[in-house]
Amino acid sequence: MLLHVPEVLDAKEVQAIRQALETSDQWVDGRETVGAQGAAVKHNQQLAEASPLRRRLAEQVQAALARHPVFFAAALPVEILTPRFNRYQGGGTYGMHVDGAVMRLPDQTGFPGKQLRTDLSCTLFLCEPEEYDGGELIVADTYGEHEVKLPAGDLILYPASSLHQVQPVTRGARLASFFWVQSMIRDDARRTLLFDMDTAITRLKQTGGDEAAVLQLTGVYHNLLRQWAET
């Protein structure tokens with residue numbers, strides 16, 4: 001499922017986060033957080049992992065995600081890796097790659113520590129599309145390649161198993177937050193089915209659908225979730 005989740009952040013929140021990022025001196029080479037294969041095609045900057053600013057802004061993003069019903073219904077999150085922030089400018093790009101299947105959660109000591117299975121990848125755009133040229137997120141799946149360039153405050157959610165890339169930014173700067181989600185539902189097809197059902201139930205409630213039918217469908221949804229969920 002490739003899903004556009006609108007208005008995760010409002011205009012005021014976007015402005016505050018952008019101002020903090022644009023005035024920060026805590027940017028580092030983005031290749032510091034990937035392996036050798038990723039480093040060969042990654043050319044961007046990231047807010048330093050240990051930066052207090054990164055932790056503060058990540059908390060704001062996580063709070064926004066927690067109150068967004070569409071994000072929760074689509075992702076059904078068990079765990080969200082602490083959001084990171086990146087910047088592409090001056091030709092910055094990230095060539096075609098696939099994200100790692102498992103990532104260590106922060107503040108874990110010892111081996112192997114607590115791990116997160118990356119079921120979903122998410123990019124939260126922080127700049128308006130007209131502010132920069134290039135920078136499109138290209139996500140490849142069985143239906144071809146999909147080009148994504150969203151308004152500031154909007155998020156794209158897609159299976160982390162997808163090949164994807166960021167096109168070179170040739171004018172301006174592209175700021176974004178990105179992170180991964182371990183879902184209660186590992187399988188993308190099942191997760192999509194549950195999201196479609198949840199959306200239909202919500203629509204029936206809003207339009208005054210038959211109460212008995214809504215109740216029955218709600219029961220089916222939760223019984224499927226109970227049968228498939230991994231927590």
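The structure displayed is predicted, hence computed values, not measured ones. (Residues numbered from 1 in each chain as written. Predicted model: local features only at pLDDT ≥ 70, side-chain atom pairs only at ≥ 80, totals over all residues. Heavy atoms only, no water.)

1. Considering the pairing of strand β10 (residues 120-125)
Quick reminder of the rule: Each residue is assigned to one of three classes by its accessible area relative to the maximum for its type, calculated with a 1.4 Å probe on protein chains only: buried under 20%, partly exposed between the two thresholds, exposed over 50%. In this text, helices come from DSSP runs of H or I with a minimum length of four residues, and strands from runs of E with a minimum of two, each type numbered from the N-terminal end. In short, DSSP must find at least two bridges between two strands for them to pair.
Of all the six residues making up β10, six are buried; the element is thus mostly covered by neighbouring parts of the structure. Alternating residues of β10 divide into Leu120, Cys122 and Leu124 and Ser121, Thr123 and Phe125, and every residue in both groups is buried. Judged from the five bridges that link them, β10 and strand β14 (residues 155-159) form a sheet pairing that is antiparallel. Looking at β14, one finds that Thr123 is bridged to Ile156. Looking at chain direction, β10 and strand β17 (residues 173-183) are connected through six bridges and run antiparallel. Residue pairing across strands places Cys122 opposite Phe179, the latter belonging to β17.

2. Some remarks on the pattern of salt bridges
Pairing is possible between side chains that carry opposite charge, provided their charged atoms lie close to one another. The test is simple: The term salt bridge refers to a pairing of a side-chain nitrogen on Lys or Arg with a carboxyl oxygen on Asp or Glu at a separation within 4 Å.
The tally for this structure, following the rule as stated, stands at twelve salt bridges. Across the salt bridge formed by Arg18 and Glu131, the nearest N and O atoms sit 2.8 Å from each other. With a gap of 113 residues between them, Arg18 in helix α1 (residues 11-22) and Glu131 in the loop between β10 and β11 (133-134) connect regions that are remote in the sequence. When its relative accessible area of 29% is taken as the criterion, Glu131 is described as partly exposed. Across the pair Lys114 and Glu79 runs a salt bridge whose closest N-O atoms are separated by 3.4 Å. Within this pair, whereas Lys114 is found in the loop between β8 (102-104) and β9 (115-117), its partner Glu79 is found in strand β5 (residues 77-80), the two being separated by 35 residues in sequence. Residue classification places Glu79 among the partly exposed residues on the basis of a relative accessible area of 26%.

3. A look at the side chain of Arg191
Just so we agree on the cut-off: Each polar contact in these results corresponds to two N or O atoms within 3.5 Å; when the atoms are within protein, one needs to be able to donate a hydrogen and the other to accept it, and residues that are neighboring in sequence are counted only if both atoms are side-chain atoms.
When you line up the elements, Arg191 lands in helix α5 (residues 188-206). Of note is the side chain of Arg191, whose polar atom sits 3.4 Å from the backbone oxygen of Arg186.

4. Some remarks on the pairing of strand β13 (residues 144-148)
Alignment of strand β12 (residues 137-141) against β13, held across five bridges, turns out to be antiparallel. By the bridge assignment, Ala140 is partnered in β13 with Glu145. Where β12 hands over to β13, the hairpin turn is made up of two residues, counted between the paired strands.

5. Notes on the UniProt feature "binding site: Fe cation" (unreviewed entry) in the protein chain
Selection rule: UniProt positions are given in the numbering used here, feature names are shortened, and annotations may be inferred rather than shown by experiment. The contact definition used throughout considers only heavy atoms, calling two residues in contact when any of these lie within 4.5 Å.
Within the UniProt annotation, "binding site: Fe cation" (unreviewed entry) is assigned to His97, Asp99 and His164. In summary, the annotated positions, though distributed over 68 residues, converge in three dimensions, the widest C-alpha pair being only 8.7 Å. Structurally, the position occupied by His97 is in strand β7 (residues 93-97). We classify His97 as buried; its relative accessible area is 11%. Setting aside residues up to four positions removed in sequence, His97 forms contacts with Ser162, Leu163 and His164. Of the polar contacts made by the side chain of His97, one reaches the backbone oxygen of Gly95; its length is 2.7 Å. Inspection of the secondary structure puts His164 in strand β15 (residues 163-166). In this structure, His164 is in contact with Gly95, Met96, His97, Val98, Asp99, Leu137, Ile138, Val139 and Tyr158, ignoring residues within four places of it in sequence. For His164, the side chain forms a polar contact with the side chain of Asp99, separated by 3.3 Å.

6. A closer look at the side chain of Arg117
By the element assignment, Arg117 lies in strand β9. A distance of 3.4 Å separates a polar atom in the side chain of Arg117 from the backbone oxygen of Ser183. When near neighbours in sequence (up to four residues on either side) are disregarded, Arg117 contacts Ala101, Val181, Gln182, Ser183, Arg186 and Glu230.

7. Re the packing of aromatic side chains
Going by this rule: Pairing of aromatic rings covers Phe, Tyr and Trp, the last through its six-membered ring, and needs centres within 6.5 Å; plane angles under 30 degrees mean stacked, over 60 mean edge-to-face, and all others mean tilted. Working rule: Lys NZ or Arg CZ, within 6 Å of ring centre, within 35 degrees of ring normal, means a charge sits over the ring.
Using the criterion set out here, one finds two aromatic pairs in the structure. Look at Phe178 and Trp180: their rings are 5.7 Å apart centre to centre, the planes differ by 85°, and that puts the pair in the edge-to-face class. In this arrangement the basic side chain of Lys149 is found over the ring face of Tyr132, its NZ or CZ atom lying 4.3 Å from the centre.

8. Quick notes on a nonpolar patch on the surface
Definition in use: Here, patches come from residues exposed beyond 30% relative accessible area and free of salt bridges, joined within 9 Å for like charges and within 5 Å for nonpolar side chains (Val, Leu, Ile, Met, Phe, Trp, Tyr). We get accessible surface area from the Shrake-Rupley algorithm with a probe of 1.4 Å; when it comes to residues, only the shown protein chains can shield them.
Together, Met96, Val98 and Leu163 make up a nonpolar patch on the protein surface, roughly 240 Å² of accessible area in all. When its relative accessible area of 44% is taken as the criterion, Leu163 is described as partly exposed.

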